[in-house]
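# Structure at a glance
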Amino acid sequence: MMIDTHCHLGKEDYENREEVIKNMGNNIMIVSTASPNDIDDIISLCNKYPNIYGTVGIHPEFASTYTKEDLVKIENSLKHPKIVGVGEIGLDYYYTKDNKDKQINLFIKQIDLANKYNKTIVIHSREAIEDTYNILKEYKNQNIKCDLHCYSGSLEMAKRFIPLNTCFGIGGVLTFKNEKKLKEIVKELDLKHFVLETDSPYLTPEPFRGHKNEPNNIKYVAEKIAELKCINLEKTLDITTQNALSLFDINI
Ligand code: NI
């Protein structure tokens, strides 16, 4: 069993969406949304496919344009039993630094929602890891579970996040030939801190880099982790699956 803890399956992402879903067999996909406009679609996928779960959130790129109604829509969808998290939410200073205050404000509003409904947060943090850490630190005593999706920080930073109930989403970047930092992190930290993700349709792992990604490619990420940690693939899948089930409170 494999779990892709972070993928996007928007209709605009895939012409052959049914086929992409079918390729995963009985393996689980946790589909992340970036905009309230995607919520109806993700809920229909959750209702149709037993192996699809979802997370709902407003991505920081909408920090200057979202409405109060959007937040209400997020909150209402958190009552659905297969919506297992709030995300992807966070800070993106690569996209723009001009509205840091608004990004931080939106991030905090959505962490508070996750806290209220006891959901895991799925964090997008790009060139903003220090601010992300400082915000999460304020919630330390609330025991909110965090999935730091597509982790790109340092090993030292990762060690600071661990006491904040954080798991690191590891995806296709790990397989890239020139990627050294993430390989070091995977070697160094216990496997209990990692979950697998593809971020499909982006970040396709080797050997298919350059093609459109899909959840079924999660196996190449798992193979790379197994290789780096010198354990077999089965054990890698067992442990990362347990990590994901526990991170998102999924009972199967
Ligand atoms: Ni994503």
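Below or above, wherever it landed, is the structure these notes cover. In this numbering scheme, every chain counts its residues from 1 along its sequence in written order. It should be noted that, the model being predicted, local features are given only for residues of pLDDT at least 70 and side-chain atom pairs only at 80 or more, the latter also being counted only at that level, while totals for whole chains, interfaces and linings use all residues. Excluded from the side-chain calculation are hydrogens and water; included are all heavy atoms of the structure.

## Details of the coordination of the nickel ion
Worth spelling out the cut-off: Only nitrogen, oxygen and sulfur atoms count as donors, using a 2.8 Å cut-off from the metal that widens to 3.2 Å for Na, K and Ca. Water is left out, so coordination shells may look unfilled. Four donors are marked tetrahedral only if all angles between them lie between 85 and 135 degrees, whereas four are marked square planar and six octahedral if opposite donors are more than 155 degrees apart and the other angles lie between 65 and 115; the remainder are marked irregular. Relative accessibility under 20% of the residue-type maximum defines a buried residue, over 50% an exposed one, and the middle range a partly exposed one, all with a 1.4 Å probe and only protein chains included.
Taken together, His-6 (NE2), His-8 (NE2), Glu-88 (OE) and Asp-199 (OD) make up the full set of protein donors to the nickel ion, lying 2.1 to 2.3 Å away. Around the nickel ion, the four donor atoms are arranged such that angles at the metal cover 85 to 174°; this shape is classified as irregular. Spacing between the donor residues of the nickel ion along the chain follows H-x1-H-x79-E-x110-D. Each of the two residues, His-6 as well as His-8, counts as buried.

## So, the side chain of Ser-32
Just so we agree on the cut-off: Note on conventions: DSSP H or I runs of at least 4 residues are helices, E runs of at least 2 residues are strands, and numbering of each starts at the N terminus. The criterion used for residue contact is that any of the two residues' heavy atoms lie within 4.5 Å.
Following the sequence through the fold, Ser-32 ends up in strand β2 (residues 28-32). When residues no more than four places from it in sequence are discounted, the contact partners of Ser-32 are His-6, Cys-7, His-8, Thr-55, Gly-87, Glu-88 and Val-122.

## A word on the pattern of salt bridges
When charged atoms on two side chains of opposite charge get close, those side chains can pair. Convention followed: Here, a salt bridge means any side-chain nitrogen of Lys or Arg that lies within 4 Å of a carboxyl oxygen of Asp or Glu.
Counted by the stated rule, this structure contains eight salt bridges. The closest approach of N and O atoms between Glu-18 and Lys-48, which form a salt bridge, is 3.1 Å. Placement of the pair is Glu-18 in helix α1 (residues 17-22) and Lys-48 in helix α2 (residues 39-48), with a sequence separation of 30 residues. Residues joined by salt bridges that share partners form a network here, namely Lys-11, Arg-17 and Asp-41.

## Overview of helix α4 (residues 100-117)
Where we set the bar: To estimate the expected span of a helix, subtract one from its residue number and multiply by 1.5 Å. This arc is taken over the directions from the axis of the helix to the C-beta atoms.
In this model α4 runs 26 Å from its N-terminal to its C-terminal C-alpha over 18 residues, within 8% of the 26 Å that 1.5 Å per residue would give. Where α4 is concerned, the buried positions are Gln-103, Leu-106, Phe-107, Gln-110, Ile-111, Leu-113 and Ala-114. Buried residues of α4, viewed axially, fall in a sector of 155°; they line one side. Exposed residues lying more than 90 degrees from the buried face of α4 are Asp-101 and Lys-116. Structurally, α4 contributes buried residues whose contacts are with α3 (68-77), β4 (83-92), β5 (120-126) and α5 (129-137). Phi turns positive, to about 60°, at Asn-118, one or two residues after α4.

## Quick notes on the packing of α3 against α4
Helix packing geometry: the angle between the two helix axes and the distance between the axes. Which entries qualify depends on this criterion: Only the stretch in contact is used when a helix axis is fitted, and all axes are lines through C-alpha atoms; the angle between N-to-C directions ranges over 0 to 180 degrees. Small angles under 35 degrees read as roughly parallel and large ones over 145 as roughly antiparallel, with 65 to 115 read as roughly perpendicular and the rest as oblique. Left-handed describes a crossing whose near helix is turned anticlockwise from the far helix by less than a right angle; the clockwise case is right-handed. Polar here means any residue outside two lists: the nonpolar Ala, Val, Leu, Ile, Met, Phe, Trp, Tyr, Cys and Pro, and the charged Asp, Glu, Lys and Arg; Gly therefore counts as polar.
Packing of α3 against α4 leaves a shortest axis separation of 10 Å and a crossing angle of 25°. Here α3 is positioned roughly parallel relative to α4, judged by the angle of their axes. In this structure, α3 crosses over α4, and the sense of that crossing is right-handed. Across the interface between the two elements, Leu-71, Ile-74 and Glu-75 from α3 touch Leu-106, Lys-109, Gln-110, Leu-113, Lys-116 and Tyr-117 from α4. Residue classes in the contact of α3 with α4 are distributed as five nonpolar, one polar and three charged.

## Section: the sheet that holds strand β3 (residues 52-56)
Selection rule: The pairing criterion for strands is at least two bridges between them, as found by DSSP.
Pairing is parallel across the open sheet formed by eight strands, whose spatial order is β1-β2-β3-β4-β5-β6-β7-β8. Two strands in the sheet have a free side with no partner beyond their single neighbour: β1 (3-7) and β8 (194-196). Sheet twist, expressed as the average angle between the axes of neighbouring strands with direction ignored, equals 30°. One ladder, built from three bridges, connects β5 with strand β6 (residues 146-148); its direction is parallel. By the bridge assignment, Ile-123 is partnered in β6 with Leu-148.

## Quick notes on the environment of Ser-125
Here Ser-125 is to be found in strand β5. On the basis of relative accessible area, Ser-125 is assigned to the buried category, the value being 14%. With 33 residues separating them in the primary sequence, Ser-125 and Asp-92 have C-alpha atoms 5.7 Å apart. In contact with Ser-125, other than residues within four places in its own chain, are Leu-91, Thr-132, Leu-148 and Ser-152.

## Re the nonpolar core
In a soluble, globular protein the nonpolar side chains are often hidden away together inside. We apply this condition: In plain words, nonpolar cores are sets of buried Ala, Val, Leu, Ile, Met, Phe, Trp, Tyr and Cys residues tied together by side-chain atoms within 4.5 Å.
Counting 67 residues, the largest nonpolar core has Leu-9, Ile-52, Ile-111, Ile-121, Phe-168 and Ile-170 as the members making the most contacts within it. Here Phe-168 is in contact with Asp-147, Leu-148, Tyr-151, Ala-158, Phe-161, Ile-162, Leu-189, His-193, Phe-194 and Val-195, once residues within four sequence places are set aside. In terms of nonpolar packing, the next biggest core, distinct from the first, is built from 13 residues, Ile-28, Tyr-53, Leu-245 and Ile-250 among them.

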